[in-house]
Amino acid sequence: MNTGASWPSPQEAAARVLGMQTKLHRWAGEDEGRRFDDLYNLVYDPAFLTVAWSRVRGNVGARSAGVDGETVRDIEARRGAEAFLADLRADLKAGAFRPLPVRERLIPKSGGRLRRLGIPTARDRVVQAALKLVLEPIFEAAFQPCSYGFRPRRRAQDAIAEIHYLASPNRNYGWVFEADIEACFDTIDHRRRVADRRLLTLVKAFLKAGLLTETGRREETITGTPQGGILSPLLANIALSVLDEHFARKWEALGPVWKRVKHRRQGGAVSRLVRYADDFVVMVAGSRADAETLRAEVSGVLAPIGLRLAAEKTRVCSIDEGFDFLGWHIQRRRKRGTGNYHVYTYPSKRSQDAIRRKVRSLTRRTSQPNLRLLLLRLNAVLRGWANYFKHGVSKRSFDRLGSFAWRRVVRWLRQRHLGLNWTAIRRRFLHGWEIVCDGITLYNPATVAITRYRYRGTRIPSPWSPTADTNARLVESRMR
């Protein structure tokens, strides 16, 4: 690629980046032993930086500043995007670029604990996005299909659909080893399809950049990758691919279908991994003892890369008992009125409690200045939750959530308009019992149609597949 070219338009940049990514993906897939030793020039290529800037600018995090206090909007107002990218490219090309420490942000978790997020500067985010554009198509060629988190064209629903498929009575993976990796992003060991020393040095610089805590204290990062950085999910997937490959080798060792069937009939166990980032389950066709042995096995696989299982989140259960995964409760139950058993997926109790807390937070008396803004913010939350859970047994949950949100908004109206009685509030704000303001109606999750998510198995195409639609790939290249 001509790295001396002028700055392209966003459309031209997307097309050029997609073309180069397709080549990298094809080369990586054709030769598993190939080592890429000339990638650094792509990181500062104008097309890659332009696409990287577009992605950083389009993220919700563009409104957040790093330790330098500069947001994307500040950069556009003070210098302009092209001047900013030109300076950044010059530093990268000269080898003078040095990432700044990430800004710490502590987010409450369940159980009173805190999750540490690291917010890089806008400048560092653009370089991380460019690095991801270069590295992702190479590593995606070798990633196993059992991994779904933070990968292109893969989503949580695919992981749930695979569990549903494996646990069905026809396949009878009846035991579940449910696990979570303790502080995965904080403890990944700093350790190659990539042999380009300049690029590896740049990745290492981000890992070692350090952290500026909320109290203003500087901390070194000896292990881990800052959760919140654009590059972090890819680095975590690269590290955790050892787990995917371990179970893939176990599966392949069983041989063709007839050998696997014979193995199971003779009492042997078969296990399949389903992973979403650092959350995973292993579906086991066998006995509880077979599932229990996975505790030591998985720990042994993770130990060399500096990771360990979170004891409080690791357990073995029957699919009939049910378990929570990615916000869902998954359980095999008898269909009412029949003797047949089916696997059902429901919104978990924790997920339902979380959305109710969010609705309560948004509908406190002083939380929103007016009804219009309240409806806009509340509708976004309700619509997102309903769209995520519309592929399960969620109708009753949607009905309850819709009623709960309606009552909370009515309560907010009565608190904000103490001089109005119920009849006046109904006349002014309710139209046929629907809450409406300036043409905006309170969203009712109960109106969402419940649809079955199509299980795609291993047939999920990458964005760089030669059979993929070119226009769709270009749009995805610009937006993802």
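As the structure is a prediction and not an experimental result, all values here were calculated from the model.

Asks: Would you explain the overall build of the protein chain in this entry?
Replies: A tally of helices and strands in the protein chain yields 18 helices and 14 strands. Here the protein chain holds 480 residues, and 49% of them are scored as buried. When the accessible surface of the protein chain is split by element, carbon and sulfur atoms take 49% of a total near 23,900 Å².

Asks: Please clarify how the pairing of strand E10 (residues 328–334) should be interpreted in this entry.
Replies: Pairing of strand E9 (residues 323–325) with E10 involves three bridges; the strand directions are antiparallel. Opposite aspartate 324, over in E10, you have histidine 329 as the bridge partner. Between the end of E9 and the start of E10, which pair antiparallel, lie two residues, with leucine 326 showing a positive phi angle near 55°. Of the pairings in the sheet, the one linking E10 to strand E11 (residues 341–347) comprises seven bridges and is antiparallel in character. By the bridge assignment, arginine 332 is partnered in E11 with valine 343. Where E10 folds back onto E11 in an antiparallel hairpin, the turn is made up of six residues, including glycine 337, whose phi is positive at roughly 85°.

Asks: Explain the packing of helix H10 (residues 232–253) against helix H13 (residues 294–302) here, please?
Replies: A packed helix pair is summarised by two numbers, namely the angle formed by the two axes and the spacing between the axes. Packing of H10 against H13 leaves a shortest axis separation of 9 Å and a crossing angle of 130°. It follows from the interaxial angle that H10 and H13 lie oblique. Of the two elements, H10 crosses H13, and the hand of that crossing is right-handed. Residues Leu240, Val242, Leu243, His246, Phe247 and Lys250 of H10 touch H13, and the partners they reach there are Leu294, Glu297, Val298, Val301 and Leu302. A class-by-class count of the residues in the contact of H10 with H13 yields eight nonpolar, one polar and two charged.

Asks: I'm lost on the packing of helix H6 (residues 122–140) against helix H9 (residues 197–207) in this one. Help?
Replies: Closest axis-to-axis distance for the H6/H9 pair is 11 Å, and the angle between their directions is 135°. Looking at the two axes, H6 sits oblique to H9. Taken as a pair, H6 and H9 cross one another with a handedness that is left-handed. Judged by residue contacts, Asp124, Val127, Gln128, Leu131, Val134 and Leu135 of H6 engage Leu199, Leu202, Val203 and Phe206 from H9. For the contact of H6 with H9, the class distribution of residues is eight nonpolar, one polar and one charged.

Asks: I tried to follow the packing of aromatic side chains on my own but got confused; where do I start?
Replies: Between two aromatic rings, the relevant description is the distance of the centres plus the angle of the planes. Summed over the entire model, instances satisfying the criterion amount to 13 aromatic pairs. Put simply, the rings of Trp328, Trp385, Tyr388, Phe389 and Phe398 touch in pairs and so form one group of aromatic residues. Arginine 264 extends its terminal NZ or CZ atom over the ring of tyrosine 173, reaching a point 5.2 Å from the ring centre. The ring of tryptophan 251 has arginine 272 lying over it, and the distance from NZ or CZ to the ring centre is 4.1 Å.

Asks: Teacher, can you tell me more about the nonpolar core here?
Replies: Nonpolar side chains in soluble globular proteins tend to end up buried together. Ranked by internal contacts, the top residues of the largest apolar core, which has 54 residues, are Phe323, Phe325, Ile330, Leu371, Leu413 and Ile435. Excluding residues within four positions of it along the chain, phenylalanine 325 makes contact with Ala159, Ile160, Ile163, Val274, Tyr276, Asp279, Phe280, Val281 and Ile330. In terms of nonpolar packing, the next biggest core, distinct from the first, is built from 48 residues, Tyr44, Val134, Phe206 and Leu207 among them.

Asks: Would you explain the sheet that holds strand E14 (residues 440–441) in this entry?
Replies: Strand pairing in a sheet relies on backbone hydrogen bonds, with the paired strands running either antiparallel or parallel. Pairing is antiparallel in the open sheet, where three strands are placed in the order E12-E13-E14. Strands with a single pairing partner mark the edges of an open sheet, and in this sheet they are strand E12 (430–431) and E14. Both E12 and strand E13 (residues 434–437) contribute to a ladder of two bridges, which runs antiparallel. Residue pairing for E13: leucine 430 is matched across the bridge by isoleucine 435. In the packing of helix H16 (residues 395–416) onto the sheet, contacts are made with E12 and E13, and the angle to E13 comes to roughly 55°.

Asks: Can you walk me through the environment of leucine 376 in this structure?
Replies: Its location among the elements puts leucine 376 in helix H15 (residues 371–389). A relative accessible area of 39% means that leucine 376 is categorised as partly exposed. Here the alpha-carbon distance between leucine 376 and leucine 442, two residues 66 residues apart in the chain, equals 8.3 Å.

Asks: How do you make sense of H16 when you look at a structure like this?
Replies: One full turn of an α-helix is made of 3.6 residues, so residues set three or four places apart face in the same direction. In this model, H16 (22 residues) spans 32 Å end to end at C-alpha, consistent with the 32 Å of a helix rising 1.5 Å per residue. Burial in H16 covers these residues: Ser397, Phe398, Leu401, Gly402, Phe404, Ala405, Arg408, Val409, Val410, Trp412 and Leu413. On its buried face, H16 sits against E11, helix H14 (349–362), H15, helix H17 (422–429), E12 and E13.

Asks: What's the story with the confidence of the model for the protein chain in this structure? I'm lost.
Replies: The predicted model of the protein chain has a mean per-residue pLDDT of 87, with 89% of residues at 70 or higher. Least confident of the elements in the protein chain is helix H18 (residues 470–479), whose mean pLDDT is 45; most confident is H15, at 97. The model gives residues 187–191 a pLDDT under 50, and that stretch makes 24 contacts with residues more than four places away or in other chains. Note that residues 470–480 has pLDDT below 50 and, in this model, 29 contacts with residues that lie over four places away or in other chains.

Asks: I tried to follow H9 on my own but got confused; where do I start?
Replies: Buried within H9 are the following residues: Leu199, Leu202, Val203, Phe206 and Leu207. Along the axis of H9, the buried residues cluster in a sector spanning 145°; they form a single face. Exposed and facing more than 90 degrees away from the buried side of H9 are Arg197, Thr201 and Lys204. In this fold, the buried residues of H9 make contact with helix H2 (40–43), helix H5 (81–94), H6 and H10. In this structure aspartate 196 caps H9, since a side-chain oxygen of it lies 3.1 Å from the backbone nitrogen of arginine 198.

Asks: Where do I start with the pattern of salt bridges in this structure?
Replies: Pairs may arise between side chains of opposite charge once their charged atoms sit close together. Going through the model one piece at a time under the given rule, you end up with 17 salt bridges. The residue aspartate 91 makes a salt bridge to arginine 123 at a minimum N-O spacing of 2.7 Å. One end of the pair, aspartate 91, is in helix H5; the other, arginine 123, is in helix H6, and 32 residues separate them in sequence. For aspartate 91, a relative accessible area of 27% translates into the label partly exposed. Its relative accessible area of 25% is what places arginine 123 among the partly exposed residues. Salt-bridge contacts for arginine 275 lead to aspartate 244; the nearest nitrogen and oxygen are separated by 2.8 Å. Taken as a pair, arginine 275 in strand E6 (residues 270–276) and aspartate 244 in helix H10 lie far apart in primary sequence, 31 residues in all. Like aspartate 244, arginine 275 is buried.

So, how was this worked out
Residues numbered from 1 in each chain as written. Predicted model: local features only at pLDDT ≥ 70, side-chain atom pairs only at ≥ 80, totals over all residues. Heavy atoms only, no water. Helix = DSSP H or I, 4+ residues; strand = E, 2+ residues; numbered from the N terminus. Buried < 20%, exposed > 50% of the residue type's maximum accessible area, 1.4 Å probe, protein only. Areas by Shrake-Rupley, 256 points an atom, 1.4 Å probe, with all protein chains shown as cover. Pairing = 2+ DSSP bridges. Axes fitted to C-alpha atoms, helices over the stretch in contact; angles between N-to-C directions. Parallel < 35°, antiparallel > 145°, perpendicular 65-115°, else oblique. Left-handed = near helix turned anticlockwise from the far one by under 90°. Contact = heavy atoms within 4.5 Å. Nonpolar A, V, L, I, M, F, W, Y, C, P; charged D, E, K, R; others polar. Phe/Tyr/Trp six-rings, centres within 6.5 Å; stacked < 30°, edge-to-face > 60°. Lys NZ or Arg CZ within 6 Å of the ring centre and 35° of its normal. Core = buried A, V, L, I, M, F, W, Y, C linked by side-chain atoms within 4.5 Å. Expected span 1.5 Å × (residues − 1). pLDDT = per-residue confidence, 0-100. Arc of directions from axis to C-beta. Polar contact = N/O pair within 3.5 Å; in protein donor to acceptor, adjacent residues only side chain to side chain. Salt bridge = Lys/Arg side-chain N within 4 Å of Asp/Glu carboxyl O.

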